[in-house]
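Each chain, letter by letter, is given below.
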Amino acid sequence: MPAQPTEADVLGYLTEAVTLAERNVAAGGGPFGALVVTADGTKHEGVNRVTRDNDPTAHAEVVAIRAAAAETANFDLSGAVLYTSCEPCPLCLAAALWARIDRVYFAADRHGAAAAGFDDALFYEYFAGTRPELLPVRHTPVPTSGAPFDAWLTHAERTDY
């Protein structure tokens, strides 16, 4: 694991993420900004583009992760750090986990976001198992359910992840 960033680095990158968020608001976007700093020190920016792109997954953290992966030509961002203007929601945390981000720092917390109208408390309740009615999910196997995995396991040129 790479060396932990200094306190000055953390404060600087978080301040930059907050500035990105403020600029995004002025440009008509949501109040969220993020940076992925890869192991080589390169910064990859993201801002909330949900309403601009009509993409409910275009959160600032996801946009920054997508930029970092595209610019490094690698889906594995091991050694990278995510700095974000606000506490990541479950979607963004999952994206950071899939990208193998090493650590996450955030400025504002989910309570500040809720006060501004961005309340993801229900999502945390759903994942805690206390609100399953929000999105009923049911396992319904079919005879060919395992076929894609069999194809994957026998594909000689697959890229493991």
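Whatever comes next refers back to the structure up there.
Peer 1: I'm lost on the packing of helix 3 (residues 60–72) against helix 4 (residues 90–98) in this one. Help?
Peer 2: Helix packing geometry: the angle between the two helix axes and the distance between the axes. The N-to-C vectors of helix 3 and helix 4 enclose an angle of 20°; their axes lie 8 Å apart at closest approach. The orientation of helix 3 relative to helix 4 falls into the category roughly parallel. Crossing of helix 3 over helix 4 shows left-handed handedness. Contact residues: helix 3 offers E61, V62 and I65, while helix 4 offers L91, C92, A95 and A96.

Peer 1: Any chance you could explain the packing of aromatic side chains here in plain terms?
Peer 2: Each aromatic ring pair is described using two quantities: the centre-to-centre distance and the angle formed by the ring planes. Under the definition given, this model contains seven aromatic pairs. Considering the side-chain rings of Y126 and F127, the 5.4 Å spacing of their centres and the 80° angle between planes classify their relative orientation as edge-to-face. The class of F127 is exposed, set by a relative accessible area of 61%. The ring of Y124 carries R110 above its face, with NZ or CZ at 3.8 Å from the centroid.

Peer 1: Just checking my understanding: could you explain the sheet that holds strand 4 (residues 103–108) for this structure?
Peer 2: Pairing between sheet strands relies on hydrogen bonds along the backbone, with the strands arranged either parallel or antiparallel. Taken in spatial order, the four strands make up an open sheet running 2-1-3-4, and their pairing is mixed. This sheet does not close on itself; its edge strands, each paired only once, are strand 2 (43–47) and strand 4. Neighbour-to-neighbour, the strand axes of this sheet turn through a mean angle of 15°, independent of strand direction. Examined bridge by bridge, strand 1 (residues 33–37) and strand 2 share five bridges and lie antiparallel to one another. Of the residues in strand 2, the one forming a bridge with G33 is V47. Running over the sheet, helix 1 (residues 7–26) touches strand 1, strand 2, strand 3 (81–86) and strand 4 and is turned about 140° from strand 1. This element, helix 3, spans strand 1, strand 2 and strand 3 of the sheet and lies at about 145° to strand 2.

Peer 1: Quick question: what am I supposed to make of the environment of P31 here?
Peer 2: Relative to the helices and strands, P31 is located in the loop between helix 1 and strand 1. Accessibility expressed as a relative area gives 33% for P31, which makes it partly exposed. When the C-alpha positions of P31 and S85 are compared, they lie 8.4 Å apart, and in sequence the two are 54 residues distant.

Peer 1: How should the side chain of N24 be read in this particular structure?
Peer 2: The topology assignment puts N24 in helix 1. Once residues within four sequence positions are removed from consideration, N24 is found in contact with G29, G30, F32, V47 and N48.

Peer 1: In this structure, what is going on with the pattern of salt bridges? I would like to understand it.
Peer 2: When their charged atoms lie close together, side chains carrying opposite charge are able to pair. For the structure shown, the criterion picks out eight salt bridges. Among the salt bridges present, the one from E87 reaches R110, with a minimum N-O distance of 2.9 Å. A residue pair is termed long-range when its members are at least 10 positions apart, and E87 in the loop between strand 3 and helix 4 and R110 in helix 5 (residues 110–115) qualify at 23 residues. The exposure class of E87 is buried, given its relative accessible area of 16%. Across the pair R158 and D160 runs a salt bridge whose closest N-O atoms are separated by 2.7 Å. The exposure class of D160 is exposed, given its relative accessible area of 52%.

Peer 1: Looking at this model, I keep getting lost on the state of the cysteines. Mind explaining?
Peer 2: Note on terminology: disulfide describes a covalent bond linking the sulfur atoms of two cysteines. The final tally for this structure, using the stated rule, is zero disulfides. C86 carries a free sulfur, and the closest cysteine sulfur to it, the one in C89, is 9.3 Å from it. Overall, the relative accessible area of 5% leaves C86 in the buried class. C92 forms no disulfide, and the closest cysteine sulfur to it belongs to C89, at a distance of 3.7 Å.

Rules of the game
- Residues numbered from 1 in each chain as written.
- Predicted model: local features only at pLDDT ≥ 70, side-chain atom pairs only at ≥ 80, totals over all residues.
- Heavy atoms only, no water.
- Axes fitted to C-alpha atoms, helices over the stretch in contact; angles between N-to-C directions.
- Helix = DSSP H or I, 4+ residues; strand = E, 2+ residues; numbered from the N terminus.
- Parallel < 35°, antiparallel > 145°, perpendicular 65-115°, else oblique.
- Left-handed = near helix turned anticlockwise from the far one by under 90°.
- Contact = heavy atoms within 4.5 Å.
- Phe/Tyr/Trp six-rings, centres within 6.5 Å; stacked < 30°, edge-to-face > 60°.
- Buried < 20%, exposed > 50% of the residue type's maximum accessible area, 1.4 Å probe, protein only.
- Lys NZ or Arg CZ within 6 Å of the ring centre and 35° of its normal.
- Pairing = 2+ DSSP bridges.
- Salt bridge = Lys/Arg side-chain N within 4 Å of Asp/Glu carboxyl O.
- Disulfide = S-S within 2.5 Å.

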